[in-house]
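Commentary on secondary and tertiary structure
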Number of protein chains: 2
Amino acid sequence: METLSVPHARPLPNGFLDRLSARFGLQCQTSEAIRAQHGASESQYPTVLPDAVVFARSTQDVVDCVNLCREAGVAIVPFGAGTSLEGHTLPLEGGVSLDLTPMDAVLAVNHADFDCTVQPGIRREALNAHLRDSGLFFPIDPGANASIGGMASTRASGTNAVRYGTMREAVLGLEVVTPQGKVIRTGKRAKKSAAGYDLTRLYIGSEGTLGVITGITLRLHPVPEAIMAATCPFETLSGAIETVVQAFHCGVPMARIELLDAMQVHAVNLRSKLGLPEAPTLFFEFHGTPNGVAEQVETVKGLASANGGGAFQWATLAEDRNRLWRARHESYYAAVNLRPGAIGLTTDVCVPMSRLAECILATRADLDSCSVPATILGHVGDGNFHLVFSIDPNAPHEMAEVEAVNHRMVARALAMDGTCTGEHGVGIGKQQCLIDELGEDAVDVMRTLKQVLDPGNIFNPGKIFRS
Amino acid sequence: METLSVPHARPLPNGFLDRLSARFGLQCQTSEAIRAQHGASESQYPTVLPDAVVFARSTQDVVDCVNLCREAGVAIVPFGAGTSLEGHTLPLEGGVSLDLTPMDAVLAVNHADFDCTVQPGIRREALNAHLRDSGLFFPIDPGANASIGGMASTRASGTNAVRYGTMREAVLGLEVVTPQGKVIRTGKRAKKSAAGYDLTRLYIGSEGTLGVITGITLRLHPVPEAIMAATCPFETLSGAIETVVQAFHCGVPMARIELLDAMQVHAVNLRSKLGLPEAPTLFFEFHGTPNGVAEQVETVKGLASANGGGAFQWATLAEDRNRLWRARHESYYAAVNLRPGAIGLTTDVCVPMSRLAECILATRADLDSCSVPATILGHVGDGNFHLVFSIDPNAPHEMAEVEAVNHRMVARALAMDGTCTGEHGVGIGKQQCLIDELGEDAVDVMRTLKQVLDPGNIFNPGKIFRS
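The structure displayed is predicted, hence computed values, not measured ones.

Let's talk about the UniProt feature "domain: FAD-binding PCMH-type" (unreviewed entry) in chain A
Taking the UniProt record as the reference, the feature "domain: FAD-binding PCMH-type" (unreviewed entry) is found at residues 46-223 of chain A. Between the C-alpha atoms that bound residues 46-223 of chain A there is a distance of 41 Å. The span itself is 22% helix and 24% strand.

Next comes the structure, spelled out in structure tokens:
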């Protein structure tokens, strides 16, 4: 996380907005309210207004908008649900916020192949609602009800990634509009391919800097025969973490294994009335055959008990499970709201399992001497965890204090051979961290790719790298 | 597969071999025997001699060789086990074959994290021998005892991919020497990361055209508690395929599910004395807990029986299992040797599961009217299958006939939304297929990446795209 410098809006060429309006009519909006909505984010960054918002209804709309922007040298920032956490959708150089939410169709569900093709604007909950009677589901779940296009752009993962992988594994192929206005398809529907460079993975996680994703073919998974979810409180944070590490070592194919520290459980209780004991807690979900789930539960209960875990509280009905995971998903808001009027700042790292306990405990100790309230929670089965700070916007020293804690946590994770971000992405705040992690030469390769694929630097300028 | 045009060897600048020799001494070899060994391949392509072979012992050796070649404009072709199947290691423009087999160390095994870091020259069987007492194994198994660097370069997969994924999923990070002679690291050891462009996946499958892989950090997996393997003959090819498709639909987490057609079983019996009934046959392997494996076996036996499957023949002892899979792995040689003195040509496609039966049956019908003997076998749990032709080198019409069958199979797979190669790669033979699959605009993006990352076109020129 770094301080957001004052954005340098590019001057709009004469007549650009008129040309945009002539092409897009009411799909082009310049009211302050709509611009503000697209220039705000869920994170700590101040609002930055785009010059216009274009609502795309088709790939052709995207092509035309890209061509108009490229010809005019105007920046273009793809926008989905706006739920990303590193300022990805902020139009740092003004220009057009390209809202893809009208492109929210499910184009095909191939039941026999466990895949589907969707437009980028559909949100993950809507996709799963669409799939409800198919016996299939889309597992990637970053918490927020994000758009699938945004999830691909940021290489999202979340609670189910420990079992089902991240967006990197979930996407079979993309349709992308390049900065040159070409429409390319990066892959077909085969489960694997060795045909040429992996363009799919190049665009996944590129944070809108290389093109606009206009179609996504996704792997789906059969709804498991048996699903069980539970929470378990622990005497100590280290006992909870040790349980996770041991479950990993035993090869238990957990579907979800989430850690909430005591302060996070307190926040969740306040917001979602779960009534959980306010101790470090694991949230579990087990998927499989009935026998397979029973085996997993038995193993994990044994591990928990040996590590100071209390009684498992089961959510057996689907509605109880949904309530539990909704509470987990609202953890961010719950934590931010620990202080009235606070703004949130969240950050994440991911480390090898062998260092997870050490990394979390050292970070918790650092937080305990920080004056800003903060919680720890995370997708610990992957070695990934988050901090959520609840910052007083009228106390400037708090942001500086938080930045120092974040900086120390990232340095700690990198020293453990981990990454500066497991799932939030680089965006605005982790550009120096990326260099610290992989080195200037590797980041130079990325800059070279950006420069050659988007020579006018019109796509989401200022993200991942400085413009 | 296309006809190999006469290679255009670049003229070596004066004194280049002297400079190479001065730097590398006996690590640089120019004898015809060693050059011929590095200019041959396991496939149908004629031998193409490099001007020299350099045996790299360290990343610094690679850097120095790359710098010498770049400064002289000499081509450089990374070489591992030489087991690839699309002519990847043939030095089409002469130059240096950079043999990485001396770099075969296991640099670290992190037992608690289920990962290891190796040099590129180690072969997969040697890696698994090294891991033997660790309780961990490296699952990716393309059949051949390939080098890990080569497997990363070609995005290899193989028999276990249906359960454990391909090299795309297996690699956590790479060390790469770029054409500029820089050493970069593309990722650390965290299980996931959202930090910047996915350089790891860019180099995986780039077939040596973008740089030299000098280090690989791999995910490992715990050896399952229970392993069972079996074969099952079927009355019909379609019954065998239908069993695979239904096992996929039931979500059975098969570790291996391999198809051999009747002629392939005949070939394997001849070579490996397995004594199997010469019918379309599935080879299975089940991994899990004892109860989990028992459940899987029960489900699959039921499916097989309903689809005309015969008795399961179990390989319960580890040595029987190894014998079975060794026979499977030698299928290629077994099929080629169906005719004395024949040369082999193998090709593969991968299609969505819903089209697998149609694709295989139409291809088998096409083969039945082809005068060249050919077998079908494949990693059908992924929708991936191979043809192996046994071609008389003295009958030129045979190669033309085989090319036509291959062309029709690729066209059939693409029309079914599949890929022109599931795992063999593009190399020399599938360059037009790649364009047919993804279109000129997508391949242009790949060409752009190649041109900017390797502006002198020194890295494995002529592969994936025409130089």
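Right, picking up where we left off after that structure.
Quick word on the sheet that holds strand 9 (residues 183-185) of chain A
Adjacent strands of a sheet pair through backbone hydrogen bonds, lying either parallel or antiparallel. Residue and element names in this part refer to chain A. As summarised here, the arrangement of the five strands in space is 5-6-10-8-9, forming an open sheet in which the pairing is antiparallel. Each edge of the open sheet is held by one strand with a lone partner, namely strand 5 (106-110) and strand 9. This sheet shows a mean twist of 10° between the axes of neighbouring strands, independent of strand direction. One ladder, built from six bridges, connects strand 8 (residues 171-177) with strand 10 (residues 212-219); its direction is antiparallel. Considered in strand 10, the bridge of leucine 174 is made with isoleucine 216.

Some thoughts on the nonpolar core
Counting 183 residues, the largest nonpolar core has Phe138, Met167 and Phe389 of chain A together with Phe138, Met167 and Phe389 of chain B as the members making the most contacts within it. Once residues lying within four places of it in the same chain are set aside, the contact partners of methionine 167 of chain B are Phe138, Ile140, Ile148, Met151, Ala152, Arg155, Ala156, Ile204 and Leu218 of chain B.

Considerations on the pattern of salt bridges
Should their charged atoms come close, side chains of opposite charge can pair. All names here are of chain A. Under the definition given, this model contains 60 salt bridges over all chains. Across the pair glutamate 330 and arginine 271 runs a salt bridge, and its minimum N-O distance is 3.1 Å. Taken together, the positions of glutamate 330 in the loop between helix 12 (318-329) and helix 13 (331-336) and arginine 271 in helix 10 (residues 262-272) put the pair 59 residues apart, joining distant regions of the chain. What makes glutamate 330 partly exposed here is its relative accessible area of 24%. Across the pair aspartate 444 and arginine 447 runs a salt bridge whose closest N-O atoms are separated by 2.6 Å. Placement of both aspartate 444 and arginine 447 in helix 17 (residues 440-453) is noted, with a separation of three residues, approximately one turn of the helix. Aspartate 444 sits in the partly exposed class, given a relative accessible area of 34%.

Topic: helix 16 (residues 431-438) of chain A
With six of eight residues buried, helix 16 of chain A is to be regarded as a mostly interior element. By the burial criterion, the buried members of helix 16 of chain A are Gln431, Cys433, Leu434, Ile435, Glu437 and Leu438 of chain A. Tucked into the core, helix 16 of chain A has its buried residues touching helix 15 (396-415) and helix 17 of chain A together with strand 9 (183-185) of chain B.

Examining the domain arrangement of chain A
Residue and element names in this part refer to chain A. Domain annotation of chain A identifies domain 1 (16-101), domain 2 (106-222) and domain 3 (226-415). With five residues of domain 1 at the interface, the matching set in domain 3 holds seven residues. Summed over both partners, the interface of domain 1 with domain 3 buries about 470 Å², with 51% contributed by carbon and sulfur atoms. Considering only the side of domain 1, the residues that lose the most area to domain 3 are Glu42, Gln44 and Leu85, jointly responsible for 85% of the buried surface there. Where domain 1 meets domain 3, there are zero salt bridges. Its residues placed into classes, the side of domain 1 that touches domain 3 shows one nonpolar, two polar and two charged.

Examining the environment of leucine 68 of chain A
Residue and element names in this part refer to chain A. Note on placement: leucine 68 falls in helix 3 (residues 59-72). Along the chain, leucine 68 and phenylalanine 284 lie 216 residues apart, while their C-alpha atoms are 49 Å from each other. Leaving out residues up to four positions away in the same chain, leucine 68 has contacts with Phe16, Arg19, Leu20, Arg23 and Phe24.

Focus on the sheet that holds strand 18 (residues 384-391) of chain B
Residues and elements named next belong to chain B. Strand order in the open sheet made by the seven strands is 15-12-14-13-17-18-16, with antiparallel pairing throughout. Of all strands in the sheet, those with a lone pairing partner are strand 15 (313-315) and strand 16 (343-350), marking the two edges. Between one strand and the next, the sheet's axes are offset by a mean angle of 20°, whatever the strand orientation. In the sheet, strand 16 pairs with strand 18 via eight bridges, with the strands oriented antiparallel.

Re the packing of aromatic side chains
Using the criterion set out here, one finds 18 aromatic pairs over all chains in the structure. Where phenylalanine 286 of chain A meets tryptophan 314 of chain A, the ring centres are 6.3 Å apart and the plane angle is 40°; that geometry is what we call tilted. Here the residue phenylalanine 286 of chain A occupies a position in strand 14 (residues 281-288), and tryptophan 314 of chain A occupies one in strand 15 (residues 313-315), the gap between them amounting to 28 residues. Relative to phenylalanine 312 of chain B, the ring of phenylalanine 284 of chain B has its centre 5.3 Å away and its plane inclined at 5°; by these criteria the two rings are stacked. With phenylalanine 284 of chain B in strand 14 (residues 281-288) and phenylalanine 312 of chain B in the loop between helix 11 (290-306) and strand 15, this pair connects stretches of sequence that are 28 residues apart.

The rules behind the values
Residues numbered from 1 in each chain as written. Chains lettered and ligands numbered in written order. Predicted model: local features only at pLDDT ≥ 70, side-chain atom pairs only at ≥ 80, totals over all residues. Heavy atoms only, no water. UniProt positions renumbered as here; feature names shortened; annotations may be inferred. Helix = DSSP H or I, 4+ residues; strand = E, 2+ residues; numbered from the N terminus. Pairing = 2+ DSSP bridges. Axes fitted to C-alpha atoms, helices over the stretch in contact; angles between N-to-C directions. Core = buried A, V, L, I, M, F, W, Y, C linked by side-chain atoms within 4.5 Å. Buried < 20%, exposed > 50% of the residue type's maximum accessible area, 1.4 Å probe, protein only. Contact = heavy atoms within 4.5 Å. Salt bridge = Lys/Arg side-chain N within 4 Å of Asp/Glu carboxyl O. Domains from an automatic or database assignment. Buried area = accessible area lost by both parts, 1.4 Å probe. Nonpolar A, V, L, I, M, F, W, Y, C, P; charged D, E, K, R; others polar. Phe/Tyr/Trp six-rings, centres within 6.5 Å; stacked < 30°, edge-to-face > 60°.

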